[in-house]
Amino acid sequence: MKLTLAALVVLLSPADAFVPPSPFVPVASSSTRTPLIVANSAVADELDAPASDLREIARQKQKQALLGLLGGPDDKSRIVYDPVLADPISKEPLAVSVKGPILGSSASGFKLSLRASPDSGRVYAGRTDAYINLLEPLNESTVDEIDDKKNNSKKTVSNSPLLSSILTFTPPPLRPIIANAANSDIEYIPMRDLFTSPSVSFAYERGWRQGFAAAGFPGPDKEFEMARDYFAPVMEKLRDQSNGAQRGTVVDMSCATGLFTRRFAKSNEYSRVIGCDYSDSMLTEARRRIRADPELRNAINDPTSKSSSTRLDLVRCDVAKIPLASSSIEALHAGAAMHCWPEIGPSLTEIHRVLVSGGRYFATTFLANYFQNVSGLENAANGGVQVETSMQAFQYFPSVEYLKSLLLDAGFEEDKIDVQLVGRSCVIIRCEKSGI
């Protein structure tokens, strides 16, 4: 019995298989794109083979299946598009190709090349065993060298891990000064670049995130349950409309180390989960934790595991320029994140854009009173004058009403917005995009 692509994916090792290439959509260049549905199938005919042989069979057949989807030498007219991911600038669909076979060590995955229109010249790259970088386009000549990001513009502090780590332990008012003194070619935006530090990524689930309880945050398990329950009606509607064939896509924006991404993936309630973050070090830590998670590892190795049917991608991006097609996802979660978005208005507008009609947004964030000591130090260092927003350590949201006004400006309608204060400083946001 032949293996389908989805069945093959679950036979691979933990390092390269739980996150397969996205469910691409093959189309003729002159026709309208339609979703490709790849379903699991029985694999009993080949499960009697030794484990090593089975993995090799899986690698070879997955390679053949992917090449078939992408269009081989005899099918030059075929173009493959991801049904959700898009060029962050133009929002046009991305043509996807796979580079490199799944051979050799179990730690190797696919190299991906994602191209915008030929006119734009933008090419993005990624790996299925790491993440897809839709933050920085690469020159075509460097598609195979993901880590070689050479350009003439100012570099971000994430390009200097040592400096990033030093800034982590520097008082907020001094961070821009030290960053510019160390290297004038580095652009430092505090609320964005703090979380690019490998030190913060390492500490995030080792005490950093747990400290949010003092502000009233419900804790990861409870927040996941709240988000899942809020997303349930839109997912149930999609399942009913598709006779159970589709279970929807959830994006975990500013996913950090994958604290919630892993929970969404393991719930088996969604067809696809996409964890997005600006920080390379956060996504690297998220991938490490995905590999180390026993339930996700079991999902990789056990074709009968319920979790194996959920596709999981990690994507590097800017929330103010979300690389997703308009009206393409059913739900978006942002846990303890909005206060770290430098461009809060455009970011919320982007979230509204990518949600389908009836799609839902669930978020938690802090009110300004939680950061009063930090903001006081910033102002004191600035001669008693409030620093400009781009140089603040965080967004300082003064009230629930202010947050509601931001959501209204982004396009959400008043009767679809619910903003609640929990505890001293935690805000829980629920929004639904109105139907057309």
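Residues numbered from 1 in each chain as written. Predicted model: local features only at pLDDT ≥ 70, side-chain atom pairs only at ≥ 80, totals over all residues. Heavy atoms only, no water.

Time to look at the packing of aromatic side chains. Using the criterion set out here, one finds 16 aromatic pairs in the structure. Centroid distance Tyr230 to Phe231: 6.3 Å. Interplanar angle 45°. Geometry classified as tilted. Phe231 gets classed as buried once you look at its relative accessible area, which sits at 0%. For the pair Tyr370 and Phe371, a centre-to-centre distance of 5.3 Å together with 85° between the ring planes defines the contact as edge-to-face. Judged by relative accessible area, Phe371 falls into the buried class, the value being 6%. One aromatic cluster is present, built from ring pairs that chain together Phe212, Phe217, Phe366, Tyr370, Phe371, Phe394 and Tyr396. Of note, Arg206 hangs over the ring of Phe202, and the distance from its end group to the ring centre comes to 3.8 Å. For the cation-ring pair, Arg316 lies above Tyr278, with the distance from its terminal atom to the ring centre recorded as 5.5 Å. (Phe/Tyr/Trp six-rings, centres within 6.5 Å; stacked < 30°, edge-to-face > 60°. Buried < 20%, exposed > 50% of the residue type's maximum accessible area, 1.4 Å probe, protein only. Lys NZ or Arg CZ within 6 Å of the ring centre and 35° of its normal.)

Residues of helix H6 (residues 198-208) that are buried: Val200, Ser201, Tyr204 and Glu205. Each buried residue of H6 sits inside an arc of 115° when the element is viewed along its axis, so together they form one side. Looking at where H6 begins, the residue whose side-chain oxygen comes 3.1 Å from the main-chain nitrogen of Ser199 is Ser197. (Helix = DSSP H or I, 4+ residues; strand = E, 2+ residues; numbered from the N terminus. Arc of directions from axis to C-beta. Polar contact = N/O pair within 3.5 Å; in protein donor to acceptor, adjacent residues only side chain to side chain.)

Before going further, it helps to spend a moment on the confidence of the model for the chain. Per-residue confidence for the chain gives a mean pLDDT of 76, with 66% of residues at or over 70. Predicted confidence for residues 102-107 stays below pLDDT 50, and this span has 17 contacts to residues more than four positions away or in other chains. (pLDDT = per-residue confidence, 0-100. Contact = heavy atoms within 4.5 Å.)

A few words now on the packing of helix H11 (residues 344-354) against helix H13 (residues 400-410). Two elements in contact, H11 and H13, have axes separated by 8 Å at closest approach and are oriented at 55°. Overall, the two elements H11 and H13 adopt an arrangement that is oblique. Classified by chirality, the crossing of H13 by H11 is right-handed. Taken together, the residues of H13 that come into contact with H11 (itself represented by Ile344, Leu348, Thr349 and His352) are Leu406, Leu407, Asp409 and Ala410. In the contact of H11 with H13, the residues fall into five nonpolar, two polar and one charged. (Axes fitted to C-alpha atoms, helices over the stretch in contact; angles between N-to-C directions. Parallel < 35°, antiparallel > 145°, perpendicular 65-115°, else oblique. Left-handed = near helix turned anticlockwise from the far one by under 90°. Nonpolar A, V, L, I, M, F, W, Y, C, P; charged D, E, K, R; others polar.)

Counted residue by residue, strand S10 (residues 272-277) has six buried out of six residues, so it is predominantly covered. Here S10 shows two buried faces, one formed by Arg272, Ile274 and Cys276 and the other by Val273, Gly275 and Asp277. In this fold, strand S9 (residues 249-253) hands off to helix H8 (residues 261-266), which returns the chain to S10; that crossover is right-handed. Both S10 and strand S11 (residues 311-316) contribute to a ladder of six bridges, which runs parallel. Paired with Asp277 across the strands is Arg316, a residue of S11. (Right-handed = clockwise from strand over helix to strand, strands pointing away. Pairing = 2+ DSSP bridges.)

Packing of H6 against helix H9 (residues 280-292) leaves a shortest axis separation of 8 Å and a crossing angle of 45°. One element, H6, and the other, H9, form an angle in the oblique class. In terms of crossing hand, the pair formed by H6 and H9 is right-handed. Listed contacts from H9 to Pro198, Val200, Ser201, Tyr204, Glu205 and Arg206 of H6 are Ser281, Met282, Glu285, Arg288 and Arg289. Here the contact of H6 with H9 is built from residues that sort into four nonpolar, two polar and five charged.

Let us now look at the state of the cysteines. For the structure shown, the criterion picks out zero disulfides. With no disulfide of its own, Cys317 lies closest to Cys276 among cysteine sulfurs, the gap being 4.1 Å. Cys317 sits in the buried class, given a relative accessible area of 2%. (Disulfide = S-S within 2.5 Å.)

Following the criterion strictly, the structure yields 21 salt bridges and no others. The residue Asp82 makes a salt bridge to Arg272 at a minimum N-O spacing of 3.0 Å. Linking Asp82 in strand S2 (residues 78-86) with Arg272 in strand S10, this pair joins segments that are 190 residues apart in sequence. In terms of burial, Asp82 and Arg272 fall into one category: buried. Across the pair Asp229 and Arg228 runs a salt bridge, and its minimum N-O distance is 3.8 Å. Overlapping salt bridges, with partners in common, bring together Glu205, Arg206, Arg262, Lys266, Glu285, Arg288, Arg289, Asp293 and Glu295 in one network. (Salt bridge = Lys/Arg side-chain N within 4 Å of Asp/Glu carboxyl O.)

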